[in-house]
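Here is how the chains run, residue by residue.
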Amino acid sequence: MAVQAVPTKGNLMNSKKSLELSRLGYELLDKKRNILIRELMSLIEKSKSIQGKIDKAYDEAYRALETANITLGFCDEISRSVEEEDSLTLSYRSVMGVEIPIVAIEEKNGLDLQYGLYTTNSILDSAQQKFMEVKYLTAQLAEIENSVYRLANAISTTQRRANALKNIMIPRFEGTVKYITDALDEKDREEFSRLKVIKRQKQSAESEQ
C-alpha cells in the first residue's frame, strides 16, 4: 500500500531518492547472496571430500589400534605419554562481511614418537600416524562445517532483507512516487485550466470595452 505523503515536489524528490536507494540496496543484497551461495557450495563439496577421507582414516586408525592392543596388550598406559595437542589456532577471514573461521593446526614432519621404543612396535607407530591424520582432517572438517553454518545463516538473513526490499519497500516507494506525480500533474492541469479561464475572461472584458 502506497504511503499517502503530502504531494509536494520536495516529497517527490525524496521518494524518488528512497526508491533509487532501495533498488540499489536490493541489487547489492542479491549480489551478496549469490557470492555467499557460491562460497557455500564450494565448501559443501570440500566437506564431502574430507568426510570421505576422515571416515576412511578413522576406520584405519581404529583397526591399527586394535592390532596394537593385540600385540602389545591394552595400550592405556602408553597413551598417557602422548602430550595434549595445543598447537591449534583460530583466526578469521571475511566473505562479504561474514566472518569465516580458519582453523590451523601445526603439522609435524615425520612420526613424533612420545613413547619408548623398547616396549612398543611398528604397529603402534602406524596407529599413532593414522590418528595424527584423523586429527588434521578433523580440524579441517570443523573449519568447513562451522563456515557452512555461518554462511547458511548469512544467506538466510540476506534473503529476508532482499525480499523485504523487493516485495515491501520498493513497491511502497513506487506507489508513493506515482501518487505524488499524479497529484502534481492533476494540480498542474487544474492550474492550467484556471489560467485559461482567466485569460478568456480577460480577453472578453477587453473586447467589450
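Residues numbered from 1 in each chain as written. Predicted model: local features only at pLDDT ≥ 70, side-chain atom pairs only at ≥ 80, totals over all residues. Heavy atoms only, no water.

**Points about the overall build of the chain**
Across its full length, the chain carries three helices and two strands. Starting at the N terminus and walking to the C terminus, you meet the elements of the chain as α-α-β-β-α. Scored against the burial criterion, the 209 residues of the chain give a buried share of 25%. Just so you have it, the chain exposes about 14400 Å², and 54% of that area is on carbon and sulfur atoms. (Helix = DSSP H or I, 4+ residues; strand = E, 2+ residues; numbered from the N terminus. Buried < 20%, exposed > 50% of the residue type's maximum accessible area, 1.4 Å probe, protein only. Areas by Shrake-Rupley, 256 points an atom, 1.4 Å probe, with all protein chains shown as cover.)

**Section: the nonpolar core**
Counting 17 residues, the largest nonpolar core has Leu36, Ile50, Val98, Ile100, Leu137 and Leu151 as the members making the most contacts within it. Counting residues per element, the ones that place at least two in this core are helix H1 (9–72), strand E2 (98–104) and helix H3 (122–208). Not counting residues within four places of it along the chain, the set of residues in contact with Ile50 comprises Leu137, Gln140, Leu141 and Ile144. Of all hydrophobic cores here, the second largest spans eight residues; its members include Leu19, Ile170, Phe173 and Val177. (Core = buried A, V, L, I, M, F, W, Y, C linked by side-chain atoms within 4.5 Å. Contact = heavy atoms within 4.5 Å.)

**As for the side chain of Ser15**
With respect to the helices, strands and loops of the structure, Ser15 is situated in helix H1. Dropping the residues within four chain positions of it, Ser15 is found in contact with Phe173, Thr176, Val177 and Ile180.

**Focus on the side chain of Arg33**
By the element assignment, Arg33 lies in helix H1. Filtering out sequence-adjacent residues up to four positions away, Arg33 remains in contact with Ile155, Thr158 and Gln159.

**A word on the packing of aromatic side chains**
Taken as a whole and judged by the stated rule, the model has two aromatic pairs. With centroids separated by 6.1 Å and ring planes inclined at 15°, the aromatic side chains of Tyr58 and Tyr62 adopt a geometry described as stacked. Taken together, the residues Tyr58 and Tyr62, both in helix H1 and four residues apart, mark about one turn of the helix. You can call Tyr62 partly exposed: its relative accessible area is 44%. With centroids separated by 5.3 Å and ring planes inclined at 90°, the aromatic side chains of Tyr62 and Phe131 adopt a geometry described as edge-to-face. In this pair, Tyr62 is assigned in helix H1 and Phe131 in helix H3, connecting sequence segments 69 residues apart. (Phe/Tyr/Trp six-rings, centres within 6.5 Å; stacked < 30°, edge-to-face > 60°.)

**Details of the environment of Leu36**
Examined against the element boundaries, Leu36 turns out to sit in helix H1. Counting along the chain gives 119 residues from Leu36 to Ile155, while the straight-line C-alpha distance between them is 6.5 Å. Beyond its immediate chain neighbours, meaning those up to four positions away, Leu36 contacts Val95, Met96, Val98, Leu151, Ala154, Ile155 and Thr158.

**Comments concerning unusual backbone geometry**
For Met96, which is not a glycine, the phi torsion comes out positive at approximately 55°. Residue position: Met96 is located in the loop between strand E1 (89–95) and E2.

**Regarding the pattern of salt bridges**
Taken as a whole and judged by the stated rule, the model has eight salt bridges. The closest approach of N and O atoms between Asp30 and Arg33, which form a salt bridge, is 2.9 Å. Residue Asp30 and its partner Arg33 are located together in helix H1, separated by three residues, close to a single helical turn. On the accessibility criterion, Asp30 (23% relative accessible area) is partly exposed. (Salt bridge = Lys/Arg side-chain N within 4 Å of Asp/Glu carboxyl O.)

**Concerning the pairing of E2**
Note: E1 against E2, seven bridges, orientation antiparallel. Bridge pairing in E2 places Ser94 opposite Glu99. The loop that links E1 with its antiparallel partner E2 comprises two residues; one of these, Met96, has a positive phi angle of about 55°. (Pairing = 2+ DSSP bridges.)

**Observations regarding the confidence of the model for the chain**
In regions of low pLDDT, the predicted coordinates are not meant to be interpreted in detail. Summing up the model confidence of the chain, the mean pLDDT is 83 and the portion of residues at 70 or higher is 82%. Per-element averaging of pLDDT across the chain places helix H2 (residues 76–79) at the bottom with 62 and E2 at the top with 92. (pLDDT = per-residue confidence, 0-100.)

**A closer look at a nonpolar patch on the surface**
A contiguous nonpolar surface patch, about 290 Å² in accessible area, is contributed by Leu21, Leu24 and Leu28. Inspection of the secondary structure puts Leu28 in helix H1. (Patch = residues over 30% accessible without salt bridge, like charges linked within 9 Å, V, L, I, M, F, W, Y side chains within 5 Å.)

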